[in-house]
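Each chain, written out:
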Amino acid sequence: MPAYMIVEAEITDPARFREYATRNPELVARHGGRYLAIRTATEPLEGDWDGIKVVLSVWPDMDAARRYWHSPEYTALKALREGTGRFRVILVDGIQEERLE
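Model, not experiment: these values are computed from the prediction.

1. Quick notes on the nonpolar core
Judged by nonpolar contacts, the single largest core of 15 residues is most densely connected at Met5, Tyr20, Trp59, Tyr68 and Tyr74. At the level of elements, strand E1 (3-11), helix H1 (14-30), strand E3 (53-59), helix H2 (62-69) and helix H3 (72-81) are the ones that each hand at least two residues to this core.

2. Side note on the pairing of E1
Sheet topology places E1 next to E3; seven bridges connect them, and they run antiparallel. Note that in E3 the partner of Ala9 across the bridge is Lys53. With nine bridges connecting them, E1 and strand E4 (residues 85-93) associate as antiparallel partners. Bridge pairing in E4 links Val7 to Val89.

3. Details of the environment of Pro25
Along the chain, Pro25 falls in helix H1. Its relative accessible area of 28% is what places Pro25 among the partly exposed residues. A sequence separation of 26 residues divides Pro25 from Gly51, and the C-alpha atoms of the two residues are 22 Å apart.

4. Describing the packing of aromatic side chains
Under the definition given, this model contains six aromatic pairs. Ring plane angle 45 degrees and centroid distance 5.4 Å describe the contact between Phe17 and Tyr20, whose orientation is recorded as tilted. One end of the pair is Phe17 and the other is Tyr20, both in helix H1 and three residues apart, which spans about a single turn. Both residues of the pair, Phe17 and Tyr20, belong to the buried class. When the ring of Tyr68 is compared with that of Tyr74, the centres are 4.6 Å apart and the planes differ by 40 degrees; the resulting orientation is tilted. Comparing Tyr68 with Tyr74 shows no difference in burial state: the two are buried. Following the ring pairs from residue to residue traces out a cluster consisting of Phe17, Tyr20, Trp59, Tyr68, Trp69, Tyr74 and Phe87. Above the face of the Phe87 ring, Arg81 is positioned so that its terminal group lies 4.1 Å from the ring centre.

What counts and how
- Residue positions are given per chain, counting from 1 as you read along its sequence in written order.
- Confidence filtering applies because this is a predicted model: local features only for residues at pLDDT of at least 70, side-chain atom pairs given and counted only at 80 or more, and all residues used for totals across whole chains, interfaces and linings.
- Note: side-chain values were computed over all heavy atoms of the structure, leaving out hydrogens and water.
- Working definition of a nonpolar core: buried Ala, Val, Leu, Ile, Met, Phe, Trp, Tyr and Cys residues. They are joined through side-chain atoms within 4.5 Å.
- Burial classes: relative accessible area under 20% of the type maximum marks a residue as buried, over 50% as exposed, and values in between as partly exposed (1.4 Å probe, protein chains only).
- What counts as a helix is a DSSP run of H or I of at least four residues, what counts as a strand is a run of E of at least two, and both are numbered from the N terminus.
- Pairing between strands is defined by DSSP: at least two bridges between them are needed.
- Aromatic pairs are defined between Phe, Tyr and Trp rings, using the six-membered ring for Trp, whenever the two ring centres lie within 6.5 Å; interplanar angles under 30 degrees are classed as stacked, those over 60 as edge-to-face, and all others as tilted.
- The rule is short: NZ of Lys or CZ of Arg within 6 Å of the ring centre and within 35 degrees of the ring normal puts a charge over the ring.

The structure is reproduced here in structure tokens:
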């Protein structure tokens, strides 16, 4: 089943964050992930979203996303993100779509 990683980010130091943001997409792809929403417009419908950016990625399954998140490559890359903002990240198990015959 697919899995979805949702990142809420409030970037406070865009200049320092840029290197992380430039290098991460290749690592995501190498681990089987694919971005569904990144650097896109948002429209808050409820709650306080002022300054919050959302990144949504899809993965083949929960294990693939975990392998990426806990990989030595991402651990090193994540260190570049330290001190550049506030982040919340959640991994959500998707549902298997049924084929219509």
